[in-house]
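# Working through the structure, step by step
So you can see what is in the structure, the chains are spelled out below.
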Amino acid sequence: YTDSGLEPKSTYYYRITAYKNAKEEGAEPIKSDSSVVMKIDTKKLVVKDIDIKAGTAVEYALTRVGCSYVWGASGPSIFDCSGLVMWSYKKAGGRSLPHNAQAQYNCTSHISRADLQPGDLIFYGGSTSSINHVAIYIGGGKVVHAANPSSGVKISTIDSAGSSGAVGYSRV
């Protein structure tokens, strides 16, 4: 593997799929709840185990960038913030989540900002007991979220995604 063509300080994720009896024609991928994701930059290689459903939820959410925002909507082409999270995890075959940002915070495992991995949730509001917005971490300090009626679903930096600062982080 060579670093040529990679942008400095960029993050690249690769999913590895395992096959049973791969030498046979028509081999089926092994169904698993986890995979290895390689995080590659131009200086080093870091391998982390993450929940495959979290990575797939990110992929589904990213396909909705550009969709409209309507409060109370949960897809497939119109969303509010918690509706996008709920829809993305449902499409990924992951855990069923409530359609409310505060309830999503309350039912997930809380982590620190330093522990964020793609697929983790970031919550915004006055405090962890008054959450009013949620976004999905996609890596590189960025999130995908259903922002508001004028912006719809978009990618933002962690610190610019909510009208107030990030107050909590969780893993589904």
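Here the structure is shown first, and the text comes after it.
What you see is a predicted model; the values in this text were computed from it and never measured.

## Description of the packing of aromatic side chains
For any pair of aromatic rings, the description rests on two quantities: the centre-to-centre distance and the angle between the ring planes. Overall, the coordinates contain three aromatic pairs when judged by the stated rule. Between the aromatic rings of phenylalanine 79 and tryptophan 87, the centroid separation amounts to 5.4 Å while the plane-to-plane angle is 70°, which identifies the pairing as edge-to-face. For the residue pair phenylalanine 79 and tryptophan 87, the accessibility class agrees, reading buried in each case. On the numbers, 5.1 Å between centres and 75° between planes, the contact of tyrosine 105 with phenylalanine 123 is edge-to-face.

## Some words on the sheet that holds strand β8 (residues 131–139)
Spatial strand order, β6-β11-β7-β8-β9-β10: six strands in an open sheet with antiparallel pairing. The sheet is open, and its two borders are formed by β6 (109–111) and β10 (153–157), each paired with just one other strand. Neighbour-to-neighbour, the strand axes of this sheet turn through a mean angle of 40°, independent of strand direction. Bridge count for strand β9 (residues 142–146) against β10 is five bridges, and the pairing is antiparallel. In the sheet register, alanine 146 faces β10, and the bridge partner there is valine 153. Along the sheet, helix α2 (residues 81–91) contacts β7 (121–125), β8, β9 and β10; its crossing angle with β8, the most-contacted strand, is approximately 45°.

## Overview of the side chain of threonine 108
Of note, threonine 108 is situated in the loop between α3 (101–106) and β6. Within the local environment of threonine 108, its side chain forms a polar contact with the backbone oxygen of glutamine 104, the two atoms lying 2.8 Å apart. A polar contact is formed between the side chain of threonine 108 and the backbone oxygen of tyrosine 105, at a distance of 3.3 Å. Excluding anything up to four places from it in sequence, threonine 108 contacts Arg95, Leu97, Phe123, Ser170, Arg171 and Val172.

Conventions we followed
- Residues numbered from 1 in each chain as written.
- Predicted model: local features only at pLDDT ≥ 70, side-chain atom pairs only at ≥ 80, totals over all residues.
- Heavy atoms only, no water.
- Phe/Tyr/Trp six-rings, centres within 6.5 Å; stacked < 30°, edge-to-face > 60°.
- Buried < 20%, exposed > 50% of the residue type's maximum accessible area, 1.4 Å probe, protein only.
- Pairing = 2+ DSSP bridges.
- Helix = DSSP H or I, 4+ residues; strand = E, 2+ residues; numbered from the N terminus.
- Axes fitted to C-alpha atoms, helices over the stretch in contact; angles between N-to-C directions.
- Contact = heavy atoms within 4.5 Å.
- Polar contact = N/O pair within 3.5 Å; in protein donor to acceptor, adjacent residues only side chain to side chain.

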